[in-house]
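Working through the structure, step by step
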Amino acid sequence: MNTITNTVETGEDFRTLLKRLTQHLESLGANAPDVDDLLLRWAAALPDHAPDPGWTGLAGQLLDAITAPAADHAAPAPKDTEPPVSTPGDLRALLRALVADYAHDRNQQEDKKARGLWAGDGGSWAHSSLASFLESWDAWLGSTLGRPPRFPGTPPIEPVTWTSIARQLGTARVYE
């Protein structure tokens, strides 16, 4: 795994990793982890104190999360607003908030389907599979890297900081 993360030095390298992971997860089919499982694994694997990760560190975190044992889904964090992120602990809290939001979104969609209502694009998550989430993340990075932020006050993607990881996750969640 270290050999993979050591080759991820740029945003384009990270996009290549996302493409490879997407293909791998698609090949696993029903055995692939779910989005919420990956987020919980990631939260569990995050160090308490670490410098800004850069692309190499982000790649390592993602690979550690994918290869970690299945996460405990017993008690996700309560659905709440997404906290601001500037440290590994903040990112851990955001990941748990995203898990709760994902679970809430899926429950709403299932409830609508059970009542015979259209359950299409009504949720806050554009993707229900981990492969499509990673594919969306890659597509968004492709449209963003090397360009200034579209909205004033939006933090840049590079250098990769805890804050920019939070932005990437939030955008990948809704990007189609």
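All values reported here derive from a predicted model rather than from experimental measurement.

Here the focus is the overall build of the chain. Along the backbone of the chain there are seven helices and zero strands. Order of helices (α) and strands (β) in the chain, N terminus to C terminus: α-α-α-α-α-α-α. A total of 176 residues make up the chain; the buried ones form 45% of that total. As displayed, the chain offers around 9200 Å² of accessible surface, 53% of which is attributable to carbon and sulfur atoms.

Now for the pattern of salt bridges. Tallying each qualifying case throughout the model produces seven salt bridges. Between Asp138 and Lys19 there is a salt bridge, and its shortest N-O distance comes to 3.1 Å. Residue Asp138 is found in helix H6 (residues 130–144), and its partner Lys19 is found in helix H2 (residues 11–28); the two are separated by 119 residues along the sequence. Take Lys19: its relative accessible area is 38%, and that puts it in the partly exposed class. Salt-bridge contacts for Asp101 lead to Arg173; the nearest nitrogen and oxygen are separated by 3.4 Å. Here Asp101 is found in helix H5 (residues 88–114), whereas its partner Arg173 is found in helix H7 (residues 162–174), with 72 residues between them in sequence. A relative accessible area of 9% places Asp101 in the buried class.

The subject of this paragraph is the packing of helix H4 (residues 54–67) against H7. Between H4 and H7, the least distance of the axes is 11 Å, while the angle of their chain directions is 55°. Relative to H7, the element H4 is oriented oblique. When you trace H4 past H7, the crossing you get is right-handed. Contacts between H4 and H7 involve Trp55, Leu58 and Gln61 from the first element and Trp162, Ile165 and Gln168 from the second. Classifying every residue of the contact of H4 with H7 by side-chain character gives four nonpolar, two polar and no charged.

Turning to its location among the elements, Arg92 is positioned in helix H5. Under the relative-accessibility criterion, Arg92 is labelled buried at 13%. In this structure the side chain of Arg92 is engaged in a polar contact, spanning 3.1 Å, whose partner is the backbone oxygen of Ala43. Engagement of the side chain of Arg92 in a polar contact is seen with the backbone oxygen of Leu46, the distance being 2.8 Å. In this structure, Arg92 is in contact with Ala43, Leu46, Pro47 and Asp48, ignoring residues within four places of it in sequence.

For the chain, the average pLDDT comes to 84, and 88% of its residues sit at 70 or higher. When mean pLDDT is taken per element in the chain, H2 scores highest with 94 and helix H1 (residues 2–5) scores lowest with 64.

Looking now at unusual backbone geometry. The omega angle of the peptide bond from Glu158 to Pro159 is 0°, so this bond is cis rather than trans. Tracing the sequence through the fold places Pro159 in the loop between H6 and H7.

Running from N to C, H6 and H7 point in directions that differ by 115°, and their axes come no closer than 8 Å. Judged by the inter-axis angle, H6 sits roughly perpendicular to H7. Taken as a pair, H6 and H7 cross one another with a handedness that is right-handed. For the pair H6 and H7, the contacting residues are Phe133, Ser136, Trp137, Trp140 and Leu141 in the first and Arg167, Gln168, Leu169, Thr171, Ala172 and Arg173 in the second.

With that out of the way, let us pick up the nonpolar core. In terms of nonpolar packing, the biggest core is built from 45 residues, with Phe14, Trp42, Leu62, Leu91 and Trp137 touching the most fellow members. The set of elements that each furnish at least two residues to this core consists of H2, helix H3 (35–45), H4, H5, H6 and H7. Beyond its immediate sequence surroundings of up to four residues, Trp137 is in contact with Phe14, Leu18, Trp42, Leu58, Leu62, Gln168, Leu169 and Ala172.

Cut-off values and rules
- Residues numbered from 1 in each chain as written.
- Predicted model: local features only at pLDDT ≥ 70, side-chain atom pairs only at ≥ 80, totals over all residues.
- Heavy atoms only, no water.
- Helix = DSSP H or I, 4+ residues; strand = E, 2+ residues; numbered from the N terminus.
- Buried < 20%, exposed > 50% of the residue type's maximum accessible area, 1.4 Å probe, protein only.
- Areas by Shrake-Rupley, 256 points an atom, 1.4 Å probe, with all protein chains shown as cover.
- Salt bridge = Lys/Arg side-chain N within 4 Å of Asp/Glu carboxyl O.
- Axes fitted to C-alpha atoms, helices over the stretch in contact; angles between N-to-C directions.
- Parallel < 35°, antiparallel > 145°, perpendicular 65-115°, else oblique.
- Left-handed = near helix turned anticlockwise from the far one by under 90°.
- Contact = heavy atoms within 4.5 Å.
- Nonpolar A, V, L, I, M, F, W, Y, C, P; charged D, E, K, R; others polar.
- Polar contact = N/O pair within 3.5 Å; in protein donor to acceptor, adjacent residues only side chain to side chain.
- pLDDT = per-residue confidence, 0-100.
- Core = buried A, V, L, I, M, F, W, Y, C linked by side-chain atoms within 4.5 Å.

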